[in-house]
Amino acid sequence: MIASITSSTETMHNDRPLLARLNWYWIFQLAGWGFLPLLMWAMLPAPLRSGTQASVAIWAGVSGVLISDVWHRLLKRRIQAGVRVGWQTMLSAVLVLGALNTAVQTLGYVVVRPFGTSLTNISWLPGALMFWWGVYIVWNVFYMAVLSLRRATRAEAEALRLEVTAKEAELRALQAQVNPHFFFNSMNSVRALIYEDADAAAQMVDQLASVMRYALQSGHHDTVPLAAEMEAVQSYLAIEKIRFEERMRVSVEIGIGLERVRIPPMALQTLVENAVKYGVEASAGGSEIHIRAQRLDDRTVHIEIANLGAIVPFANSTKVGLVNTRKRLALALGANAQLDLSENSGWVRATLTLPEAA
């Protein structure tokens, strides 16, 4: 089991981008302290440059790596423990680190003796302290800036993750509102027919089972292909055709190549259901229902559901269904996805405007 967990962790690590897998702390640490000997060498007058002086400069870089890494570990431990690191702590650390590195560097001069003499004159000490204090001020400022940037990036990523999670939860909640609404209406249709025509009622139950299967499978996805949605719509229309017979007349026209256009599951079915309820069921003579999908341009698709009739001003269920569908469109496909309801010349048209993925 431990081996399995280790293997899974290694796989997740290897799946990260190369830049994310690099240890940027050590890259900057070695680059910065590796540059310091070069800087010290460049600051020396040409007559004083020698092999022993180069050794002292390298001593400075190595000691800086070790001392700063110890401070880094202490600082990281305090931060992880939730201890606030204020400017007083950082100032004290700079003073201590600068003095410690000055002492270590002095030891290097004593051991290597680049100038061939012992250090009896301490006039160099203030300058050395100022130099190393400046080095550690730069180190700490740079480290805290990188740490702040990393925190901001993590906070932004976490906020984005929470936003996506909230949208997914809202989308699932909206989908959960759609399915019971549809099945309630469908069961009412079965109940109305079961005493009139048992065979027709049995066919209706079969079609309802097909739609239920689709609803359960598609409920785990934000969007589904238009072809899959149309299969569910056809099953629903078959249910209502048994109920309304000649009172319901349906025509379907799907443009070539639009079968894979993505839409929220049950979105089209909801609009067709409204067309049946307020077009066919509300009229003694029934109604025609036209379903048409066409591509307007390379990036936009129109899907129109039209029925003979009029917009019912106080149809609360229609308003809920439209608001629900609009929210699901926005969550699943973005702000460019729209749903418009209009009435013209005795026809009510619900028009979906969908952005098509490139």
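Coordinates for the structure precede this section.
Being a predicted model, the structure only gives us computed values, none of them experimental.

Engineer: Just checking my understanding: could you explain the overall build of the chain for this structure?
Structural biologist: The secondary structure content of the chain amounts to 10 helices and seven strands. Out of the 358 residues in the chain, the part that is buried amounts to 35%. When contacts within the chain are restricted to residue pairs at least 6 apart in sequence, long-range pairs at least 24 apart make up 75% of them. Taken as a whole, the chain presents about 21100 Å² of accessible surface, with 63% of it coming from carbon and sulfur.

Engineer: Looking at this model, I keep getting lost on the sheet that holds strand β7 (residues 347-355). Mind explaining?
Structural biologist: Strands belonging to one sheet form pairs held by backbone hydrogen bonds; the direction of such a pair is parallel or antiparallel. Pairing is mixed across the open sheet formed by five strands, whose spatial order is β2-β4-β5-β7-β6. The sheet is open, and its two edges are formed by β2 (248-254) and β6 (338-344), each paired on a single side. Across the sheet, the mean angle separating the axes of adjacent strands is 10 degrees when strand polarity is ignored. Taken together, the nine bridges between strand β5 (residues 300-308) and β7 define a ladder with antiparallel strand orientation.

Engineer: What is the right way to look at the packing of aromatic side chains in this model?
Structural biologist: Aromatic ring pairs are defined here through the distance separating the ring centres and the angle between the ring planes. Under the defined criterion, the tally for this structure stands at five aromatic pairs. Measuring from ring centre to ring centre gives 5.7 Å for Trp33 and Tyr136, while their planes differ by 50 degrees; the resulting arrangement is tilted. Within this pair, whereas Trp33 is found in helix α3 (residues 24-43), its partner Tyr136 is found in helix α6 (residues 125-194), the two being separated by 103 residues in sequence. With respect to burial, Trp33 and Tyr136 carry one shared label: buried. Where Trp139 meets Tyr143, the ring centres are 5.3 Å apart and the plane angle is 10 degrees; that geometry is what we call stacked.

Engineer: What is the right way to read the environment of Ala227 from this model?
Structural biologist: With respect to the helices, strands and loops of the structure, Ala227 is situated in helix α8 (residues 226-244). Looking at Ala227, the relative accessible area reads 33%, which means it is partly exposed. Separated by 35 residues in sequence, Ala227 and Arg262 place their C-alpha atoms 9.2 Å apart.

Engineer: So what exactly am I meant to see when it comes to the nonpolar core here?
Structural biologist: As a rule of thumb, soluble globular proteins bury nonpolar side chains together. In this structure, Leu226, Leu268, Val272, Val276 and Ile303 are the most contacted members of the largest nonpolar core, which totals 42 residues. The element contributing the most residues to this core is α8, with nine residues. Val85, Ala93, Val94 and Tyr136 belong to the second-largest nonpolar core, a separate cluster that totals 21 residues.

Engineer: Could you clarify how one ought to interpret the pairing of β6 in this entry?
Structural biologist: For a regular strand, the rule is simple: side chains alternate between the two faces of the sheet. Judged from the seven bridges that link them, β6 and β7 form a sheet pairing that is antiparallel. The residue of β7 that forms the bridge with Gln338 is Thr353. Turn length for the β6-β7 hairpin, with the two strands adjacent in sequence and antiparallel, is two residues, and the turn residue Ser345 shows positive phi of about 55 degrees.

Engineer: Looking at this structure, I do not really get the pattern of salt bridges. What am I missing?
Structural biologist: Opposite charge on two side chains lets them pair, provided their charged atoms get close. What the rule picks out here adds up to three salt bridges. A salt bridge links Arg73 to Asp69, with the shortest nitrogen-to-oxygen separation between them at 2.9 Å. With Arg73 and Asp69 both in helix α4 (residues 51-80), this residue pair falls four residues apart, about one helical turn. Accessibility expressed as a relative area gives 51% for Arg73, which makes it exposed. With a relative accessible area of 9%, Asp69 lands in the buried category. The partner of Glu304 in a salt bridge is Arg349, with the nearest N and O atoms 3.6 Å apart. Within this pair, whereas Glu304 is found in strand β5, its partner Arg349 is found in strand β7, the two being separated by 45 residues in sequence. Here Glu304 falls in the buried class, since its relative accessible area comes to 18%. By relative accessible area, which is 25% here, Arg349 ends up partly exposed. Through salt bridges with shared partners, a single ionic network connects Arg292, Glu304 and Arg349.

Engineer: I keep staring at a negative patch on the surface and nothing clicks. Help me out?
Structural biologist: A contiguous patch of negative charge, built from Glu196, Asp197, Asp199, Glu245 and Glu246, is present on the exposed surface. Relative to the elements of secondary structure, Glu196 occurs in the loop between α6 and α7 (198-218). The class of Glu196 is exposed, set by a relative accessible area of 66%.

Engineer: Quick question: what am I supposed to make of α3 here?
Structural biologist: An α-helix turns once every 3.6 residues. As a result, residues three or four positions apart point the same way. Between the first and last C-alpha of α3 there are 28 Å, a value that for 20 residues agrees with the 28 Å anticipated at 1.5 Å per step. Buried residues of α3: Tyr25, Gln29, Trp33, Leu36, Pro37 and Met40, and no others. All buried residues of α3 fall inside an arc of 100 degrees around its axis, so they share one side.

Engineer: What is the right way to read α7 from this model?
Structural biologist: An ideal rise of 1.5 Å per residue puts 30 Å on 21 residues; α7 measures up with 30 Å between its terminal C-alpha atoms. Those residues of α7 not exposed but buried are Ala200, Ala201, Met204, Leu208, Val211, Tyr214, Ala215 and Ser218. The buried residues of α7 occupy one face: seen down the axis, they fall within an arc of 135 degrees. When the buried face of α7 is taken as reference, the exposed residues oriented beyond 90 degrees from it are Ala198, Asp199, Asp206, Leu216 and Gln217.

Engineer: Just checking my understanding: could you explain the packing of α7 against α8 for this structure?
Structural biologist: A packed helix pair is summarised by two numbers, namely the angle formed by the two axes and the spacing between the axes. It is the contact of α7 with α8, at a shortest axis distance of 9 Å, that shows an interaxial angle of 160 degrees. The orientation of α7 with respect to α8, classified from their angle, is roughly antiparallel. The interaxial crossing formed by α7 with α8 has left-handed handedness. Where α7 abuts α8, its residues Ala200, Gln203, Met204, Gln207, Leu208, Ser210, Val211 and Tyr214 lie against Ala228, Glu229, Ala232, Ser235, Tyr236, Ala238, Ile239, Ile242 and Arg243. Across the contact of α7 with α8, the residue classes break down as 11 nonpolar, four polar and two charged.

What counts, and at which threshold
Residues numbered from 1 in each chain as written. Predicted model: local features only at pLDDT ≥ 70, side-chain atom pairs only at ≥ 80, totals over all residues. Heavy atoms only, no water. Helix = DSSP H or I, 4+ residues; strand = E, 2+ residues; numbered from the N terminus. Buried < 20%, exposed > 50% of the residue type's maximum accessible area, 1.4 Å probe, protein only. Contact = heavy atoms within 4.5 Å. Areas by Shrake-Rupley, 256 points an atom, 1.4 Å probe, with all protein chains shown as cover. Pairing = 2+ DSSP bridges. Axes fitted to C-alpha atoms, helices over the stretch in contact; angles between N-to-C directions. Phe/Tyr/Trp six-rings, centres within 6.5 Å; stacked < 30°, edge-to-face > 60°. Core = buried A, V, L, I, M, F, W, Y, C linked by side-chain atoms within 4.5 Å. Salt bridge = Lys/Arg side-chain N within 4 Å of Asp/Glu carboxyl O. Patch = residues over 30% accessible without salt bridge, like charges linked within 9 Å, V, L, I, M, F, W, Y side chains within 5 Å. Lys, Arg positive; Asp, Glu negative; His and termini not counted. Charge placed at Lys NZ, Arg CZ, Asp CG, Glu CD. Expected span 1.5 Å × (residues − 1). Arc of directions from axis to C-beta. Parallel < 35°, antiparallel > 145°, perpendicular 65-115°, else oblique. Left-handed = near helix turned anticlockwise from the far one by under 90°. Nonpolar A, V, L, I, M, F, W, Y, C, P; charged D, E, K, R; others polar.

Function-wise, these values are silent; they only describe arrangement.
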